[in-house]
Amino acid sequence: MTDTPEYFPSRLDRIEQIMLGLAERQANTQQQLDSLTENVNRVLARSAILDDVLLELRDSHEEHQRNFETHQRNFEQHRQDFQEHQRTTNAALQSLEAILLQLTRNHS
């Protein structure tokens, strides 16, 4: 140290500078890591919520699909019942028409 002029930092001073720089970089890295951890935790929490929403939507969709299929079967059954009722009504009307024609012929 005695050979070193005043304007050159001593070896100990340089080591201290390096360590201060490393400490600053480590603090910066820790801050970035904390921020990243916070972001990851926020994303994971949102992901869990979205997973729950997706499960609800899937269950709801399946229930709506079952209800739709039930309504579709009911509609088809009602359509068939209506067609059968219409055939029965038409047959009854034809019978009544035949009876009416028979009565009109008999009274003529």
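Residues numbered from 1 in each chain as written. Predicted model: local features only at pLDDT ≥ 70, side-chain atom pairs only at ≥ 80, totals over all residues. Heavy atoms only, no water.

(A) Spatial organisation of the overall build of the chain. Each helix and strand counted, the chain has 1 helix and 0 strands in total. Scaling as 2.2 N^0.38, a compact globule of 108 residues should have a C-alpha radius of gyration of about 13 Å, whereas the chain reaches 45 Å, well beyond that. By principal-axis analysis of the C-alpha atoms, the chain measures approximately 150 × 20 × 10 Å. Going through the 108 residues of the chain one by one, you find that 1% of them count as buried. For the chain, the exposed surface amounts to about 10,500 Å²; the carbon and sulfur share of it is 58%. (Helix = DSSP H or I, 4+ residues; strand = E, 2+ residues; numbered from the N terminus. Rg over C-alpha atoms; globule rule 2.2 N^0.38 Å. Buried < 20%, exposed > 50% of the residue type's maximum accessible area, 1.4 Å probe, protein only. Areas by Shrake-Rupley, 256 points an atom, 1.4 Å probe, with all protein chains shown as cover.)

(B) Broad picture of a nonpolar patch on the surface. Together, Leu33, Leu36, Val40 and Leu44 give the surface a local cluster of nonpolar side chains, amounting to about 360 Å² of exposed area. In this structure, Val40 sits in helix α1 (residues 11-107). (Patch = residues over 30% accessible without salt bridge, like charges linked within 9 Å, V, L, I, M, F, W, Y side chains within 5 Å. Salt bridge = Lys/Arg side-chain N within 4 Å of Asp/Glu carboxyl O.)

(C) Structural detail: the pattern of salt bridges. Applying the stated criterion across every chain yields a total of 5 salt bridges. Its salt-bridge partner being Arg79, residue Glu76 comes within 2.4 Å of it at the nearest N-O pair. Remark: Arg79 and Glu76 occur in helix α1; sequence separation between them is 3 residues, near one turn of the helix. The partly exposed category is assigned to Glu76, whose relative accessible area is 28%. The salt bridge partner of Arg87 is Glu84, with a shortest N-O separation of 2.9 Å. On the criterion of helical spacing, the pair formed by Arg87 and Glu84 is a turn pair, its members being 3 residues apart in helix α1.

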